[in-house]
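Analysis of the macromolecular model
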Amino acid sequence: MGNAENTTLPSVSMPPFSRRMHEGLPRHRHGDGTKEGFTLIELIVVLGIIGILTFITIVAINPQRQLSAARDANRQSDVNTILNAVSQFLIDGNTLPPSITATAREICRPVAPGCEGVDLTVLVTQNYLTDLPVDPLATGEGTNYFIRTTGNSRVVVEAPGGELTASIMALR
C-alpha cells in the first residue's frame, strides 16, 4: 500500500438553469440550518382556501335544488302524459270518464279500492297509458295528481305538490 494520495472529489456544480430553478423555490430553515418543507401556517392557509372553495362549489351546485327541479320536471311530464291520454281518449270518440267533474279531484291509483277520487283505469286498460303516472312523493291511494273540467269543456290536470313552483298544470 504505497503512497496514498489525499484526493478530494471534484465539486459538482449545477448548470446555471438548474441552479436558478432551485434558488427560486421557497425553503424554510429547520433548527439545524437546513432548508426544507412548509410551515404549519402555510399548510393551514392552503387547507382553509381548499375548504372555502369546496363550500362555494357545494352552494353553487345545490344538490337539493337540483333534485327538486328533477322531481318537478317529472311532475310536468306526468301531467302532460295524463292530459294527452285523456285528449286521445276523447278524440277516439269516447266521452270523459264520468268521475271527472268541474271540481278538482285526485286521480286514484289503478288498484286503490279506498280512493274516492277519479278512476282513470280505463286509460290503462284501453292502452292510452301503459301505467298511470304517480307523483314522485305520493303516498296513499292517490297519485297526487288532480283532474277537473272547466266551464268551457276543457280538461285541467295539475300537480299541486310542486317543490319549486306552487302548482304544475296543463290545460287542453
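Anyway, here's the lowdown on the structure attached to this text. Keep in mind that what you see is a predicted model, and the values were worked out from it rather than measured. (Residues numbered from 1 in each chain as written. Predicted model: local features only at pLDDT ≥ 70, side-chain atom pairs only at ≥ 80, totals over all residues. Heavy atoms only, no water.)

All right, on to the overall build of the chain then. When helices and strands are tallied, the chain shows 4 helices and 4 strands. Its helices and strands taken in sequence order, the chain reads α-α-α-β-α-β-β-β from the N to the C terminus. Summarising the internal contacts of the chain: among those between residues at least 6 apart in sequence, 54% fall at separations of at least 24. In the form shown here, the chain has an accessible surface area of approximately 12000 Å², with 59% of it arising from carbon and sulfur atoms. (Helix = DSSP H or I, 4+ residues; strand = E, 2+ residues; numbered from the N terminus. Contact = heavy atoms within 4.5 Å. Areas by Shrake-Rupley, 256 points an atom, 1.4 Å probe, with all protein chains shown as cover.)

This part covers helix H2 (residues 40-61). Count 3.6 residues to each turn of an α-helix, and residues three or four apart come out pointing the same way. Taking 1.5 Å of rise per residue, the 22 residues of H2 would be expected to cover 32 Å, and the 32 Å separating its terminal C-alpha atoms lies within 8% of that figure. Within two residues after H2, Asn62 carries a phi angle of roughly 45°, on the positive side. (Expected span 1.5 Å × (residues − 1).)

Let us look at the packing of aromatic side chains. All told, the structure shown has 1 aromatic pair when counted by the stated rule. Ring geometry for Phe89 versus Tyr128: centroids 5.4 Å apart, planes at 85°, classification edge-to-face. Taken together, the residues Phe89 in helix H3 (residues 63-91) and Tyr128 in the loop between helix H4 (121-125) and strand E2 (142-149) connect sequence positions 39 residues apart. For Phe89, a relative accessible area of 6% translates into the label buried. (Phe/Tyr/Trp six-rings, centres within 6.5 Å; stacked < 30°, edge-to-face > 60°. Buried < 20%, exposed > 50% of the residue type's maximum accessible area, 1.4 Å probe, protein only.)

The subject of this paragraph is the nonpolar core. Grouped together as the largest cluster of nonpolar side chains are 20 residues, with contacts concentrated most on Ile82, Ile107, Leu120, Leu123, Ile147 and Val157. It is H3 that provides the largest number of residues to this core, a total of 6 residues. Apart from the residues within four sequence positions on either side, Ile82 is in contact with Ile107, Leu120, Pro133, Tyr145 and Val157. (Core = buried A, V, L, I, M, F, W, Y, C linked by side-chain atoms within 4.5 Å.)

Keep in mind these numbers describe shape, not what the thing actually does.
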